[in-house]
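Structural description and commentary
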Amino acid sequence: MGYGNVAKVLTIAGSDSGGGAGIQADLKTFQELGVYGMSAITAVTAQNTTGVHGVYPLPPEAVAQQLRAIGDDLEPQALKTGMLFSSDIIETVAAQVRAYGWRRLVVDPVMIAKGGASLLREEAVAALCRSLLPLAEVVTPNLPEAETLSGLTIRTYADRLEAAERILAYGVKYVVIKGGHGEELDTSVDVLYGADTVVEYAAPRVATKQTHGTGCTFAAAIAAELGKGASVRDAVSVAKSFVQAAIEHPLGIGSGHGPTNHWAYRESVR
Ligand SMILES: Nc1ncnc2c1ncn2[C@@H]1O[C@H](COP(=O)(O)OP(=O)(O)OP(=O)(O)O)[C@@H](O)[C@H]1O
Ligand SMILES: Cc1ncc(CO)c(N)n1
């Protein structure tokens, strides 16, 4: 059997040496969901389950050259961005996405790692909103990121809706506000908003600290499904099931916030 028609999906993100988040989480997720994974690295982090110990951004030209190498040979059917670090890198990525006309872009607006390390400079938020969000089909903020992007404090579901409307005004078609940082004790609810869409995805909240890389994994799963031609609604549904399985069956490795289990979804649907 040939694989010539396999969907090719690209992640533009930082490297997590610990393997649980960043491009490592993205490529594992792509593989599990049956798409061919490609990567353009924006920054190298020295990281493990106890935290981020070093951040080394690449020169924007190194990011641009990776994207041209991919674009000139291997057209992605979908792509996602994760850690972008600086406005220079964001403008470089936006320029290449425009130049190649890449569609089906998922932007995970990664800002701060669980331990508090900054993965996006403050000066870069404006570039993310103005240059990248208009090119995106989906943006996947957690609650603190949604507050930063919208300029609102989010307490209620009505606040979430208003924040989503402000984020949609940047030109992105859909926003998923993730509930991992929410206050519901029993469930973790993610809400998808579009021009005429509000869809809730709820799953039981798992009492665990092994949640390193949940956000990356979720956005990567959306991109993988979009690459295979799914609707945004269906792609988010698969992503929610994928990340839920990954959280419910942790690997139990590392002494801090352990990684999720990228095999678990495949084993659960077998
Ligand atoms: N304890 C949990 N139980 C169940 N689902 C969870 C839990 N924590 C997070 N999730 C789910 O994981 C996904 C990622 O959400 P979260 O809000 O944690 O993103 P994030 O903060 O961007 O992640 P990261 O820490 O990787 O940056 C969402 O689908 C969310 O509902
Ligand atoms: C490289 C990288 N990207 C994203 C995150 C957010 O989980 C992280 N901790 N590290």
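Refer to the structure presented above.
Residues numbered from 1 in each chain as written. Chains lettered and ligands numbered in written order. Predicted model: local features only at pLDDT ≥ 70, side-chain atom pairs only at ≥ 80, totals over all residues. Heavy atoms only, no water.

**Brief notes about the pairing of strand S8 (residues 187–194)**
With 7 of 8 residues buried, S8 is to be regarded as a mostly interior element. Pairing of strand S7 (residues 174–177) with S8, which is carried by 3 bridges, proceeds in the antiparallel orientation. Note that in S8 the partner of Val-175 across the bridge is Tyr-193. Bridging between S8 and strand S9 (residues 197–204) involves 8 bridges; their strand directions are antiparallel. Note on S9: the bridge partner recorded for Thr-187 is Pro-204. Between S8 and S9, which pair antiparallel and follow one another directly, the connecting turn spans 2 residues. (Buried < 20%, exposed > 50% of the residue type's maximum accessible area, 1.4 Å probe, protein only. Helix = DSSP H or I, 4+ residues; strand = E, 2+ residues; numbered from the N terminus. Pairing = 2+ DSSP bridges.)

**Examining unusual backbone geometry**
The phi dihedral of Phe-85 falls on the positive side, at around 70°, and the residue is not glycine. Within the secondary structure, Phe-85 sits in the loop between strand S4 (78–81) and helix H3 (87–100). In this structure, Arg-104 takes a positive phi of about 60° despite not being glycine. Within the secondary structure, Arg-104 is located in the loop between H3 and strand S5 (105–107).

**Points about the site of ligand 1**
The immediate surroundings of ligand 1 are formed by 18 residues, with Lys-114, Lys-178, His-181, Ser-188 and Asp-190 found nearest. In the environment of ligand 1, an oxygen atom lies 2.3 Å from a nitrogen or oxygen atom belonging to the side chain of Lys-114. Note that an oxygen atom of ligand 1 is positioned 3.3 Å from one of the side-chain N or O atoms of Thr-214. Expressed as a share of its isolated accessible area of 620 Å², the protein-covered part of ligand 1 is 93%. Listing elements by their share of the shell around ligand 1, those giving two or more residues are S8, helix H7 (214–227) and helix H8 (232–248). Residue contributions to the shell around ligand 1 peak at 4 residues, all from H8. The class makeup of the residues in the shell around ligand 1 is 5 nonpolar, 8 polar and 5 charged. (Near = heavy atom within 4 Å. Polar contact = N/O pair within 3.5 Å; in protein donor to acceptor, adjacent residues only side chain to side chain. Areas by Shrake-Rupley, 256 points an atom, 1.4 Å probe, with all protein chains shown as cover. Nonpolar A, V, L, I, M, F, W, Y, C, P; charged D, E, K, R; others polar.)

**Some details on the site of ligand 2**
By nearness alone, every residue bordering ligand 2 is listed as Gly-14, Ser-15, Ala-21, Gly-22, Gln-47, Met-83, Val-110, Ala-113, Leu-119, His-212 and Cys-216. Interatomic distance of 2.8 Å between a side-chain N/O atom of Gln-47 and a nitrogen atom of ligand 2. When the free accessible area of ligand 2 is taken as 290 Å², the share hidden by the protein chains comes to 90%.

**Considerations on a nonpolar patch on the surface**
Side chains of Leu-251, Ile-253 and Trp-263 sit close together on the surface and give an oily, nonpolar patch of about 290 Å² of accessible area. Relative accessible area serves as the criterion here: at 44%, Trp-263 is assigned to the partly exposed category. (Patch = residues over 30% accessible without salt bridge, like charges linked within 9 Å, V, L, I, M, F, W, Y side chains within 5 Å. Salt bridge = Lys/Arg side-chain N within 4 Å of Asp/Glu carboxyl O.)

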